[in-house]
Amino acid sequence: MTKPTESLKTYWRSLADLDGTMAAPADEFPGAETTATLLPATKLARRKFAGLLGASTALAGLTTTGCVRKPVENILPFAKRPEDMIPGQAIYYATAYQVGHSVLGLLVESQDGRPTKIEGNPRHSGSNGATDMWAQASVLGLYDPDRCRVPHHLGADGKHAVSDWDTVTEELGASLKQLRDAQGAGVALVIPTVLSPTYRDTLRTFKEKWPKARIIVDDAAAANNAVAGAELIGGAGARPTYHLAGVKLIASFDGDFLGTDFDHVRLQREYAEGRSITSPTDAAEMSRLYVLEPHLTVTGAQADNRLRVRGGDVGGLLAALADRLLGEKDVRLPPGGETLRGSLPRATLTPEQDKFISALASDLNAARKARRPSVIVVGERQPAWVHGLGFLLNYAIGNGANSVRLRLDDLAVATEGLPVLAAGLRDNSITDVICLETNPAYDAPGDLGLAEALKGKVLLHLGQHVDETGQLATWCLPAAHYLESWGDLEAADTTVSIVQPLIAPLHSGRSALELLAWIASDAQIDGYSLVQGYWRTVLGPMYSDRVWRRWLHDGVVQGIPRAGTTPTPRDLGGLTTALTAAGSEAAGSGYELDFHLDPKIVDGRHANNGWLQENPHPLTKLTWDNAAYVSIETARKLAVENCDNLRISLGGREIIIPVWIAPGQADDTISLPLGYGRRNLGAVSRDSGVDAYVLQSGTNPWIAAGAEVARQGTQRMVYSTQNHGSLDPGVDPASTKDDSQGWNPGRGYPERPIVRQTTVEGFKKEPNFSQKGDLIAKENLRSLWDHNTHPDLGPPALIGLQQWGMAIDLNKCTGCTACTVACQAENNIPVVGRSQVANGREMHWIRIDRYYTGPKEAPEAVVQPMLCQHCETAPCENVCPVNATAHSPEGLNDMAYNRCIGTRYCANNCPYKVRRFNFFNYNKDPVNDNEMTRMQKNPDVTVRFRGVIEKCSYCVQRIQEAKIQAHTAGEDRVKDGVIVTACQQVCPSAAITFGDVADPNTKVSQVKQDGRNYGVLTDLNTRPRTTYLARVRNPNPELV
Amino acid sequence: MATAGHTHSPPGTQPHGSPGLEPHGSPALQTVDRDRLDPLTGRKPLVEEARTFHDVTEAVANPIEAPNSRWWIAFMLSLSMLGVLGIALAYLFYMGTGIWGLNNPVAWGWAIVNFVFWVGIGHAGTLISAVLFLFRQKWRTSINRASEAMTIFAVICALLFPTVHTGRPWFIYWPLPIPNQMDMWPNFRSPLLWDVFAVSTYFTVSLLFWYVGLIPDLATMRDRAKTPMRRFAYGLFALGWRGSTRHWLHYEKAYMILAGLATPLVLSVHTIVSFDFAVSQLPGWHTTIFPPYFVAGAIFSGFAMVLTLLVPLRVWFRLEHLITIKHLENMAKIILLTGTMVGYAYGMEFFIAWYSGNPYESYAFANRAFGDYWWAYWIMVSCNVITPQFIWFKAIRRSPLALFILSIFVNIGMWFERFVITVTSLHHDFLPSSWGYYSPTVWDVATLVGSFGLFFTLFCIFVRYLPTIAIAEVKSVMAIADPHYHPGEDNGPGHEQSREH
């Protein structure tokens, strides 16, 4: 190893021989999963590395034969310390992240050169300092050991052989040159939604050089229907955004704007602000949310009034609403809209639907008259005409330019959809497909048959994984992760961010931008030059290094000249035609299939991400699998229980998928989350769920009626982390058995006052309703001991100067579970796998409890984040025989992992059941402990060993860091707001407040003064430091 | 065993064939009428058939000196079960407690169930040897040795479980108050720590008590030993016992003191074990009735286990005349008493759960009887409450076979009682979101089976090498041990009044 072989030498030299602009990562051992690829940041010299490798191998040999328990590790000091880098001190860099049409500005924490944690960029309008679980988990994707590491070439034997970038440059370059010379005839470039100005610029170059090539967009997570709807009324390039700030009335037509629809992070913040109340007076001003949807989503769980409807009926209901609204005298459509009312599809409404729509219409009218802002939100799953009608209605009732805005995206490049690709492949007009970070062989609707059609046609695939398309590709190239590459992204409101890499590519990946630039014009230009060059051109003389550095630092581009065109609804002919066409369509009958983006793994892009796979679904709490969600009534009809397999067939395609009874699901509909059932993607995604894309159709991918559904006979076990969904013992809403009748154990007592909620009316009547839930009134709670949080008093009280506490506003929490993933990232929480979750051994420190209440078929759902309550008189502490868990003077219930012997008595005695036990050495499992994911670990948090208990620490490492900083600054207290826990930081709703409860002026103390403040199980005298603000719903009294 | 008030020659060291008494093996023995009453007390004799001290010595020592094949079968069977324990523990130490069915709400499973079960078993031995001793219950003499052995072995099995159930058993010494460089005490507020002290104290005192009681018999064995090895081994542990009056004087004082020490432990150990549950705040655990209820249950299960062991033993070792039907009947009566107390406790728990008005508490008990684990609850109730009621019938309580079967049911029932308390309370507690279900794995079963292997292996070794009946003590309760007894004369019931104790 000390002397490089000739071939390697050549490899080196040829890299150097490249024109030098492509700063290719020096992957010395292509294809081998060696440690060499893992140390890019330190750039070890060859000899040094070989020496270390030898030494550590020798030591490893010693340790396996001897009894040394701890692995020997070599710490490599920086011989020359990079400027500004203090070992152990995290550095944050601004970058941005895209899923579909959503862009989040990020600040990424880097520990000694390794990106470890994602945070939102407070300067960015798309994130406002928060993120979602997808962005949180994307850092684990960077370290996914199953990532494609080197280029692969499909040999004559039909198998992929390891190749290298030189060969790629040479051989693939030759093929591309031929195609380019033919002006790209027969070529299809398949790309995801592009929101990057530089990428779009490069696409234009591509279009110039490859004029005959087709550009196809394949992006299941994109808001294509919303865009198409906007273009129906606003002309080509029109892009919609919803804005909920100040909105008092929200009507969501199958919209999951708090969950998976585009811009959900921003909308969640704006929505939560509209639900922020402190008194019954505010509560009257609180927004009201109507939701019509087939499947209970995060948004539906927030609804004040929710209607279960078939996905295919939503458009008809919106038309019915339109009919009612347009019947008002002073509601006027833009010019050309006169005939529109007549062409509205006529739907037959059930009495329940009629009542709902009437109430909604009168509420909207009242709001319009009172000039209270309202909005009609249409979900991405609905076809374009529903979106178009929704936008138009918003304009008609005066929401245009307020809660709904259209803008002209003048930089957009014309693209086509997947059906075009399928047709082209069928008639052989497309013979070579180039897939850049797209996976049409997997995520295209099944009726297009692309998985078959693409065989032998994929010339080149660039991706993070050797995915389903990569497996077919002649050239399968590794893509650089967004944390490894340069780029830029334009958010929905035209905020532009520069995507800057946190780390050099860990493997030999290249970004799609770099590759496209090379494909387009054979120029090997590195990402940095492309992005910076683009902006230099755009800015012209205004460009300076100072401006550029400012952009990189802030994560937001400022001062770029843009044409501020705002399209308004003008030509309504297209919409009228679409409406007429929709009206003539026969209403769907039989079982309806509703496809959904998975709240966890999106469209499958995160299928190999353990954090997201293990994160419980926000409502059904399923982990590691998808299922066919059906209503209780449908389950009875099909004679199935949870986990029974269903055979679902549509148009000759069929899947077998386990059933899961989901309260709140519309009858005769079956909701199928996409993204599961990946084929040979990686270890994590193996055997995870069932691929539902198979049943999708190209024309209307999200909703399909007329499916044949039958019980299949077998079972597939899927596991939920919460089996009991009701606070009323003995009643299980997710059971087909009729248990509301007859005697049930434990009945006859009030429902458990764990989650407390009321309506606005109830709040007015009883401002202190939340305290009424206490089984024992506060003044009757007696304790044997004196407790105080006052700093002057002595032990055994809590004598710290500052006392930490938390408040969680249940009125704002939507249960999106981003906090669960953030906590996992921050606190090195291991992934335990399906079998362990099946036995209730998930390790999450914060879980979102979900309870159903109300009628069994269509219940309301309430959510409650449950984490260590840091009880002042913690029941866990006095039962530990070895003092492994004890109270800090500042009121934290601390856990000393290395003192713990694992009696688990604390877990038994915890009434909140928030303690987690390492039943196995989870952190030594290859999923958690491999050369890659190890790099993600937060160095400030202990990685726990087998046999110890762990739990939420209120992010004690962040508290300590802030205290050290305060101490260095000569202060004895940490200022309010300096300490932000991981869950608090990520929360898009800003539902979590943390701080010093001893100081009455802090935000958390003030929040706890709220009349809705209550503690869970305070009758046990646990004196929890985490308290909740009870939820207030705002239902329309007419519909109660 | 002779009480301190007696002045006659201690019988334990009587060389066989002592002068003045009939030679052993007299044909008269074979014709003894089983219904004959004790000439002095007018009650059923505690020792049937054996006329002389030597008969007793022979009856007890013979099986030890000439082992029979049945012992080998029992021993090999036990040993293979012990092997199961070895495998189960080796795998446990290698993998971690995850091999068991434990999960998040149910963090204590079979290991703790088994622990409480075995500690409970231990109680009968101490009750028989110490409490009945202090209450001058002479019938205890022929069963106390085996029961005490059972106690010790049961406690060994019990001690195994808290050790291996921890996540990091290699640090099991941390709850001990050992001075250390961290200046760190264990947490004296933790019931688990009380357990450490309670059970270890109990084990130490029981062991001492048992050993002290063994000394005269060890000397007998030494004196009868035919090989130098045996003579040395028994001699070593007999501590040079010669049976002098001074020896007896000290011995009896020591025995009395230990009995006095052991008596409160009978109550304290299971009281403290019950604190593991009662001190917590979990509905179904947090109950003030637990200490007496646990002690009654422990005695109940302990006596059942004594019966389970002694009924076959007395047949196989031909000790029916020493462990008589009367002994079995007496034990059965205690089982009936304690079983009924346990039944009362079950009822009272429900009453209090309702009367308290605490919704969590009432749910916990409703859930016990009618929830997911209803079957466990009703197995428990049928075995523990219904089974003992058969003992009201004289024919049943005097039938060894019937008692053996009943005792097995009680053992099962008492294991289930601990299962019901531990698991059903944990699986559904305050927050329905964290409710779960616990089912054991093959390793849970293997550990339980293995612990029986350990118990029976130790018991087999005990019956093979040590006198299973306290020879010296049995002799002291025979009629001929009484100075007022005159063979052949009428020592009718009227004699009783003149005896002073």
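Residues numbered from 1 in each chain as written. Chains lettered and ligands numbered in written order. Predicted model: local features only at pLDDT ≥ 70, side-chain atom pairs only at ≥ 80, totals over all residues. Heavy atoms only, no water.

So what exactly am I meant to see when it comes to the overall build of chain B here?
Counting secondary structure elements, chain B contains 15 helices and zero strands. In chain B, buried positions account for 59% of the 501 residues. Considering only intrachain contacts with a sequence separation of at least 6, the fraction spanning at least 24 residues in chain B is 81%. Entry remark: accessible area of chain B is about 20000 Å², with carbon and sulfur atoms responsible for 69%. (Helix = DSSP H or I, 4+ residues; strand = E, 2+ residues; numbered from the N terminus. Buried < 20%, exposed > 50% of the residue type's maximum accessible area, 1.4 Å probe, protein only. Contact = heavy atoms within 4.5 Å. Areas by Shrake-Rupley, 256 points an atom, 1.4 Å probe, with all protein chains shown as cover.)

What is the right way to look at the overall build of chain A in this model?
Secondary structure summary: chain A contains 30 helices and 38 strands in total. Expressed as a percentage of its 1040 residues, the buried residues of chain A come to 62%. Across chain A, every contact between residues at least 6 apart in sequence was considered, and the portion connecting residues at least 24 apart equals 74%. Of the roughly 37800 Å² of accessible surface on chain A, a fraction of 53% belongs to carbon and sulfur atoms.

Help me understand the pattern of salt bridges in this model?
A side chain with one charge can pair with a side chain of the opposite charge if their charged atoms come near. The final tally for this structure, using the stated rule, is 65 salt bridges over all chains. As a salt-bridge pair, Arg200(A) and Asp409(A) come within 2.8 Å of each other at their nearest N and O atoms. On the criterion of sequence distance, the pair formed by Arg200(A) in helix H5 (residues 197–209) and Asp409(A) in the loop between strand S13 (404–408) and helix H13 (418–426) is long-range, its members being 209 residues apart. The two residues Arg200(A) and Asp409(A) agree in class, both being buried. Its salt-bridge partner being Glu329(B), residue Arg398(B) comes within 2.6 Å of it at the nearest N-O pair. Within this pair, whereas Arg398(B) is found in the loop between helix H12 (394–397) and helix H13 (400–427), its partner Glu329(B) is found in helix H9 (residues 325–356), the two being separated by 69 residues in sequence. Residue Glu329(B) is classed as buried on the basis of its relative accessible area, which comes to 7%. (Salt bridge = Lys/Arg side-chain N within 4 Å of Asp/Glu carboxyl O.)

Got a minute to help me understand the interface of chain B and chain A in this structure?
Buried accessible area, meaning the area lost when the parts come together, often serves as the stated size of an interface. On the chain A side, the residues contacting the 61 residues of chain B number 60 residues. Summed over both partners, the interface of chain B with chain A comes to about 5000 Å²; 57% of that surface belongs to carbon and sulfur atoms. Its largest share of buried area at the contact with chain A, chain B owes to Asn104(B), Arg168(B) and Leu431(B), together 14% of the area lost on that side. Notably, a salt bridge pairs Lys913(A) with Asp429(B), separated by 2.9 Å at the nearest N-O pair. For the pair chain B and chain A, the interface holds 37 residue pairs in polar contact (both at pLDDT 80 or more). Of the residues in the side of chain B that touches chain A, the class split is 38 nonpolar, 19 polar and four charged. (Buried area = accessible area lost by both parts, 1.4 Å probe. Polar contact = N/O pair within 3.5 Å; in protein donor to acceptor, adjacent residues only side chain to side chain. Nonpolar A, V, L, I, M, F, W, Y, C, P; charged D, E, K, R; others polar.)

Before we go on, may I ask you to explain the sheet that holds strand S4 (residues 152–154) of chain A in this structure?
Whether parallel or antiparallel, the strands of a sheet pair through hydrogen bonds between backbone atoms. Residues and elements named next belong to chain A. If you walk across this open sheet you meet the seven strands as S5-S4-S16-S15-S14-S6-S7, and the pairing is mixed. Single-partner strands in this sheet number two, and they are strand S5 (160–162) and strand S7 (214–217). Sheet twist, expressed as the mean angle between neighbouring strand axes with direction ignored, is 20°. As judged from the four bridges shared by strand S6 (residues 187–191) and S7, these two strands associate in the parallel manner. When the sheet's bridge partners are listed, Val190 is paired in S7 with Ile216. Lying on the sheet, H5 is in contact with S6, S7 and strand S14 (432–436); it crosses S6 at an angle near 175°. Along the sheet face, H13 touches S6, S7 and S14 and points at about 130° away from the line of S7. (Pairing = 2+ DSSP bridges. Axes fitted to C-alpha atoms, helices over the stretch in contact; angles between N-to-C directions.)

Sorry, what's going on with the environment of Thr623(A) here?
Positionally, Thr623(A) belongs in strand S20 (residues 622–623). Not counting residues up to four positions away in its chain, the partners in contact with Thr623(A) are Lys600(A), Gln613(A), Glu614(A), Asn615(A), Pro616(A), Tyr719(A), Thr721(A) and Val837(A).

Please clarify how the domain arrangement of chain A should be interpreted in this entry.
Residue and element names in this part refer to chain A. Under the domain assignment used here, chain A contains domain 1 (11–29 + 725–1035), domain 2 (152–222 + 413–554), domain 3 (238–408) and domain 4 (588–720). Facing the 32 residues of domain 1 at the interface are 30 residues of domain 4. Both faces considered, domain 1 and domain 4 share a buried interface measuring about 2500 Å² in area, 58% of it formed by carbon and sulfur atoms. Run the count over domain 1 and domain 4 and you get nine residue pairs in polar contact (both at pLDDT 80 or more). (Domains from an automatic or database assignment.)

Would you mind going over the environment of Gln802(A) with me for this structure?
Residue and element names in this part refer to chain A. Take Gln802: it is sitting in the loop between helix H23 (769–772) and strand S28 (804–809). Given the relative accessible area of 4%, Gln802 is considered buried. Counting along the chain gives 604 residues from Gln802 to Thr198, while the straight-line C-alpha distance between them is 49 Å. Aside from chain neighbours lying at most four places away, what touches Gln802 is Glu890, Arg973, Val974 and Asp996.

Even after reading the chapter, I still don't get H13(A), so can you show me in this structure?
At 3.6 residues per turn, the α-helix brings residues three or four places apart onto the same side. Residue and element names in this part refer to chain A. Three or more residues of H13 are buried, namely Leu418, Leu421, Ala422, Gly424 and Leu425. Take H13 and look down its axis: the buried residues cluster within an arc of 165°, on one side only. For H13, the secondary structure elements touched by its buried residues are S6, S7, S14, helix H14 (440–443) and helix H15 (450–453). Asn428 sits one or two positions beyond H13 and adopts a positive phi of about 60°. (Arc of directions from axis to C-beta.)

In this structure, what is going on with the environment of Thr699(A)? I would like to understand it.
Following the sequence through the fold, Thr699(A) ends up in the loop between strand S24 (669–673) and strand S25 (703–715). Taking the C-alpha atoms as reference points, Thr699(A) and Pro383(A), separated by 316 residues in sequence, lie 9.5 Å from one another.

Could you clarify how one ought to interpret the state of the cysteines in this entry?
Disulfides are covalent bonds that connect the sulfur atoms of two cysteines. As enumerated under the stated definition, the model contains zero disulfides over all chains in all. Here Cys910(A) is not cross-linked by a disulfide; its sulfur's nearest cysteine counterpart is in Cys876(A), at 6.4 Å. (Disulfide = S-S within 2.5 Å.)

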